[in-house]
Amino acid sequence: MAVGLVGTPVRRLEDHRLLTGKACYVADIVLPHMLHMAVVRSTRAHAEIMDIRTAAALAAPGVRLILTGEDVRDLGPLPCIDLFPDSKPALHRVLALDKVRYVGEPVAVVIADDVYAAEDAAELVEIYYRDLPVVLDLEEAASDAPPALLYPEFGTNVANICRQEVGDPDAAFAGAAHVFEETFRIHRYAAAPMETRGVVADPTAQGGRITLHTSTQFPHLVRAFLGGVLGIPESEIRVVAPDVGGGFGAKCEFYPEEVVSVVAARRLGRPVRWIEGRQEHFVATTHAREQVHAMRAAVDADGVVTAVTLKSLTSNGAAMFTLATTPASISSAMLRGPYRIPNYRAESLSVLTSKTPLAVYRGAGHPQAVLCMELMMDRIARDLGIDRIDLRRRNMLTKQELPSDRGTAIVLAGKVVYDSGDYPGCLDRVLELAGWDDRLRRQAEARAQGRIVGLGVACFVEETAIGPYETGHVRVDGSGKVTVLTGASPHGQGTATAIAQLVAEELQIPFTDVTVRHGDTDVVADGVGTFASRGGAIAGAAARLAAHKVREKAVLIASELLEAAAVDIEWVDGRAAIVGVPGRSVTLAEIARRATAWNSLPTGLSSFNLDEVAHHQVPGISFANAAHVAEVEIDRDTGTVRVLDYAVVHDSGRIINPMIVEGQVHGGIAQGLGGLLMEEIAYDAAGRPLVSGFQDYFLPTSAEMPEIRTGFMESPTPLNPYGMKGAGEGGTTGAVGAIAGAVADALVPLGVRVAGDGPFTPPAVMALLAAARKGAGA
Amino acid sequence: MSRDTREITVTVNGAPKRLTVPVRLLLSDLLRDVLGLTGTHVGCGQGPCGSCTVLADGGTVRSCLMLAVQADGMEIETIEGVAAGDGALHRIQEAFREHHALQCGFCTPGIVMATVGLLRRSPHPSADERAELMEGHLCRCTGYRNIDAALAALAGEG
Ligand code: FES
Ligand code: FES
């Protein structure tokens, strides 16, 4: 029954609650005597705070407390955990002090009896500013003479430099038959989960402990960060991630509201709730992606890319948030993707600008890297007259070349050593799935009819399942039912189902006998969280290892109950049975009851309870890979880009639940598509963002999504005891490369060269078409 | 909140209620904060996302755009009223589960409610009718293909 459960598309344990309205997101939490917080945010992109007047707001009905930067002056800044030793620690304060550096920066908070009163009073807080010059353009910000220094004490807006050096790129360029250069511009957009952020800070627990309910991807890290900022031990803090309505990296950051709500709640002795508004979300939650990549490629006469150099800039916004250098680090470490390119140099700058802080979003730096590499590959192929698939094959690492030490490193995660995979095989499979040759033929016909159609292909390798470790705790009680406590903190990925599959298979019990709990630091003592495509693979491995230990212990207990040597006992269908003696067996429930505290210690055991903990320490990064093919058509009259068809072959090692993995791939593709074709956070010259909500930040709807054909390969990784890699982000990473490639391909006959990621909105595409017409006429 | 209040009568999931509500209270806040029906979610509070969709006299409405006082005399249906009393899923919910049409579940109640409304009006909705329904709902997790598959199955095309 439970054997063979792993690898099957069982339906999710999570769904019943979510479908019946019984889920509990942070905004659903109501506590006795709860108050409500509104945040007063900077309306200026860069200014000195001359004065803050709160008297009128304090006098408004229902207002209990107002806090400004002065009130939390003594609290440390929010940590950035991926700073390099020589980084400039441009850290975000809990509330602005003396200066504001972006529109949306929290300046004050108002706590009142209800949210309407808090928001009304927030309008009455008067802040007097003296404007300072803003710095929005990435190249200007990084230059020696920037229009403004966000932190004059550092003398530069460059907060961090990440370098990679492999082989001898100078020699390769000196001997190159061809050199290609391109500067790729990648725009700013955002994760925009459907649930905004929110907190409920409750100071009323026994002994004055703080409970912080927060919509986060990593409650245990929030506990540590909060303890650090407040200067209190972690044991005084309980952090709960309730049901979380999507995160995609934006909730893998530690935010000022998670601190200031606690400060206010402790002052008032009452719970304080804050739920981010959607407009607020677009200035208060981290943005993503914005980079400029100046890339050069050295190519020999046969189309072999011998070297690449990269100078990249990341617009980190006004402060280094929790994972601020990661986008630059990943995009530079992973730029070469599946291609050999033996010589490589990168210098990637994390640059401060007068914008909302920018950090990780699904794929972190991978989508940017794949976009640049694959557009470059297409350009080399075109200019040298080599078929683009053939060019990729010539440069691609083969299965026999793995493992391959790439000579680069990713901050926090470690050395880049590709572990397993069949990159050319994956490309072959996706071309077959897409019907590539047929599509090429039809593209030629469509072009002959004057249609603007393009095909894009993207191959990539992606860091997944990073460490350092994850925890799993498996407990069988006297009912025979199994509870798993996991350090992962899923928010839509179905990780509870995946873990239940692994544990049920190990113990050979019905999958529905397993309950998985997560997200509450008082229930799960230790954990790391859900990000970087690590939940299923890492937490799953930890849980299964713990289940394996439980099974071993159960056999020892059974040997006493059955009066048989442990070696004569086999585990079948969730029972311990004596080999060759039918009918002589004990159930998991009987075994668990024998080990309880009201019995004597079972013979040969050193501890009570059928209860085991495992840590899965990750020995290294495991690298997933995939190949994506997209077909697009551009409407000449409206500039609308439609993705007509999509095929993907994805390899993330052993698959626990193919239905869930496919769902991750679909969702990822939608986000990649949105980022390329629809989504953008632009700023005006004064540094004001031009986005106020979903009415002007367009997410893809069902209508924009193509049919998606998905194929899987399973190259197990030796770095995980069960061969599993991560699957959460690849859809996005591949879609960015494939759709950008398709748009670029569509525009080639019109003489438009695409060097960036758009976004290819109808007006932007119309502008490209108009420029092409003008160029042709000139 | 402003002290200005009105008395209203609404039927929520079949239960009649007489309530005194502030005039500026939103229907979504009435459902969530006053009646504790937190299955109706607010993803934007601005109208575009559809996560707050409920049925009012059988028609779909955005509860974040409607005042509680406007619901006076109406029959409101929310996600909490969809499954059977014993917890057995409604066939719409079952189809969503079967087709993996939800991930984080935040957008889901709104889409399910809109589907309840659609299937009542049109038991075998055409592809166009289904597409029209989905124009009004954002989901950031699923990429929609599985939602569309669930809707197709419900229309008898699965
Ligand atoms: S919450 Fe009502 S439409 Fe988004
Ligand atoms: S399932 Fe998460 S927003 Fe739709």
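- As annotated in an unreviewed UniProt entry, chain B carries the name (2Fe-2S)-binding protein and is attributed to Skermanella aerolata.

- If you look chain A up in an unreviewed UniProt entry, it shows as Aldehyde dehydrogenase from Skermanella aerolata.
- Quoted verbatim from the Cofactor (unreviewed entry) field of the UniProt record, the comment on chain A reads "Mo-molybdopterin cytosine dinucleotide".

**Observations concerning the overall build of chain A**
Alright, step 1. Counting secondary structure elements, chain A contains 19 helices and 30 strands.
Alright, step 2. For chain A, whose C-alpha radius of gyration is 27 Å, the value lies close to the compact-globule estimate of 28 Å for 778 residues.
Alright, step 3. Seen through its principal axes, chain A has C-alpha atoms that stretch 95 × 70 × 45 Å.
Alright, step 4. Counting all 778 residues of chain A, 65% fall into the buried class.

**So, the interface of chain A and chain B**
Alright, step 1. The partner chain B presents 44 residues to the 54 residues of chain A that form the contact.
Alright, step 2. Across the chain A to chain B interface the summed buried area is about 4,100 Å²; carbon plus sulfur atoms make up 54%.
Alright, step 3. A per-residue breakdown of the area chain A buries against chain B is headed by Leu19, Tyr116 and Met194 of chain A, which together make up 21% of the total.
Alright, step 4. Asp28 of chain A is the partner of Arg32 of chain B in a salt bridge, and the nearest nitrogen-oxygen pair spans 2.9 Å.
Alright, step 5. Counting across the chain A and chain B interface gives 27 residue pairs in polar contact (both at pLDDT 80 or more).
Alright, step 6. For the side of chain A that touches chain B, the secondary structure elements donating two or more residues are helix H1 (15-19), helix H3 (115-122), helix H8 (278-284), helix H17 (658-677) and strand S30 (707-713) of chain A.

**Structural notes on the packing of aromatic side chains**
Residue and element names in this part refer to chain A.
Alright, step 1. Here the structure, examined in full by the defined rule, presents 11 aromatic pairs over all chains.
Alright, step 2. Ring geometry for Phe218 against Phe531: centres 6.2 Å apart, planes inclined by 75°, an arrangement best described as edge-to-face. Of the two residues, Phe218 sits in the loop between strand S10 (210-214) and helix H6 (219-230) while Phe531 sits in the loop between strand S23 (514-517) and helix H15 (535-561), which places them 313 residues apart along the sequence.
Alright, step 3. Among the aromatic residues, ring-to-ring pairing joins Phe218, Phe225, Phe254 and Phe531 into one connected group.
Alright, step 4. In this structure, Arg534 is placed above the aromatic ring of Phe531, and the distance from its NZ or CZ to the ring centre is 5.2 Å.

**Looking at the pattern of salt bridges**
All names here are of chain A.
Alright, step 1. According to the stated counting rule, one finds 61 salt bridges over all chains in the structure shown.
Alright, step 2. A salt bridge links Arg388 to Asp745, with the shortest nitrogen-to-oxygen separation between them at 3.3 Å. Of this pair, Arg388 sits in helix H11 (residues 388-395) while Asp745 sits in helix H18 (residues 730-747), and the two are 357 residues apart along the sequence. When sorted by exposure, Arg388 lands in the same class as Asp745, which is buried.
Alright, step 3. Linking Asp745 and Arg447 is a salt bridge whose minimum nitrogen-to-oxygen distance equals 3.8 Å. Highlighted residues: Asp745 in helix H18 and Arg447 in helix H13 (residues 436-448), separated in sequence by 298 residues.
Alright, step 4. Here Asp745 falls in the buried class, since its relative accessible area comes to 13%.

**Observations concerning the nonpolar core**
Alright, step 1. With 191 residues, the main nonpolar core has Val259, Tyr646, Leu677 and Ile739 of chain A together with Phe96 of chain B as its most contacted residues.
Alright, step 2. The contacts of Val259 of chain A, once residues within four sequence positions are left out, are Leu75, Leu78, Val94, Leu226, Val229, Leu230 and Phe254 of chain A.
Alright, step 3. Of all hydrophobic cores here, the second largest spans 40 residues; its members include Ala546, Ala547, Ala554 and Ala595 of chain A.

**As for the pairing of strand S2 (residues 15-22) of chain B**
Residue and element names in this part refer to chain B.
Alright, step 1. Bridge count between strand S1 (residues 5-12) and S2: 8 bridges; the pairing is antiparallel. Counted as the bridge partner of Thr5 is Pro22 from S2.
Alright, step 2. Linking S1 back to S2 in an antiparallel pair, the connection comprises 2 residues, with Asn13 at a positive phi of about 50°.

**Side note on the sheet that holds strand S9 (residues 198-202) of chain A**
All names here are of chain A.
Alright, step 1. A sheet is described by the order of its strands in space; here 7 strands give the open sequence S3-S5-S1-S12-S9-S10-S11, paired in mixed fashion. Of all the strands in the sheet, the pair left with one neighbour each is strand S3 (63-68) and strand S11 (237-240). Direction aside, the axes of adjacent strands within the sheet are offset by 20° on average.
Alright, step 2. Inspection of the sheet shows S3 paired to strand S5 (residues 106-112) by 5 bridges, in the antiparallel sense. Each bridged residue has a counterpart across the sheet, and for Thr68 the counterpart in S5 is Ala108.
Alright, step 3. Lying on the sheet, H3 is in contact with strand S1 (35-41), S3 and S5; it crosses S1 at an angle near 25°.

**Describing the domain arrangement of chain B**
All names here are of chain B.
Alright, step 1. The domain boundaries assigned to chain B delineate domain 1 (5-81) and domain 2 (91-154).
Alright, step 2. On a C-alpha basis, the centres of domain 1 and domain 2 stand 21 Å from each other.
Alright, step 3. Here domain 1 meets domain 2 over a buried area of about 1,200 Å², counting both sides, of which 61% is carbon and sulfur.
Alright, step 4. It is His41, Leu55 and Ile79 in domain 1 that bury the most area against domain 2; as a group they hold 36% of the surface buried on that side.
Alright, step 5. On the surface where domain 1 and domain 2 come into contact, there are 1 salt bridge.
Alright, step 6. Of the charged contacts in the structure, one is a salt bridge between Glu77 and Arg120, with a shortest N-O distance of 2.6 Å.
Alright, step 7. The interface formed by domain 1 and domain 2 includes 5 residue pairs in polar contact (both at pLDDT 80 or more).
Alright, step 8. Counting only elements with at least two residues in the side of domain 1 that touches domain 2, the list comes to strand S3 (53-56) and strand S4 (59-62).
Alright, step 9. Top element by residues in the side of domain 1 that touches domain 2 is S3. It accounts for 3 residues.

**So, the sheet that holds S2 of chain B**
Residues and elements named next belong to chain B.
Alright, step 1. Strand order in the open sheet made by the 5 strands is S2-S1-S5-S3-S4, with mixed pairing throughout. Either end of the sheet is taken by a strand with one partner, and the two such strands are S2 and S4. If you compare each strand with its neighbour and ignore which way they point, the axes differ by 40° on average.
Alright, step 2. Sheet topology note: the S1/strand S5 (residues 75-77) ladder contains 2 bridges and is parallel. Bridge assignment links Val12 to a residue of S5, and that residue is Ile76.
Alright, step 3. Relative to S3, helix H3 (residues 108-121) is tilted by about 35°, and along the sheet it contacts S3, S4 and S5.

Conventions used here
- Residues numbered from 1 in each chain as written.
- Chains lettered and ligands numbered in written order.
- Predicted model: local features only at pLDDT ≥ 70, side-chain atom pairs only at ≥ 80, totals over all residues.
- Heavy atoms only, no water.
- UniProt positions renumbered as here; feature names shortened; annotations may be inferred.
- Helix = DSSP H or I, 4+ residues; strand = E, 2+ residues; numbered from the N terminus.
- Rg over C-alpha atoms; globule rule 2.2 N^0.38 Å.
- Buried < 20%, exposed > 50% of the residue type's maximum accessible area, 1.4 Å probe, protein only.
- Contact = heavy atoms within 4.5 Å.
- Buried area = accessible area lost by both parts, 1.4 Å probe.
- Salt bridge = Lys/Arg side-chain N within 4 Å of Asp/Glu carboxyl O.
- Polar contact = N/O pair within 3.5 Å; in protein donor to acceptor, adjacent residues only side chain to side chain.
- Phe/Tyr/Trp six-rings, centres within 6.5 Å; stacked < 30°, edge-to-face > 60°.
- Lys NZ or Arg CZ within 6 Å of the ring centre and 35° of its normal.
- Core = buried A, V, L, I, M, F, W, Y, C linked by side-chain atoms within 4.5 Å.
- Pairing = 2+ DSSP bridges.
- Axes fitted to C-alpha atoms, helices over the stretch in contact; angles between N-to-C directions.
- Domains from an automatic or database assignment.

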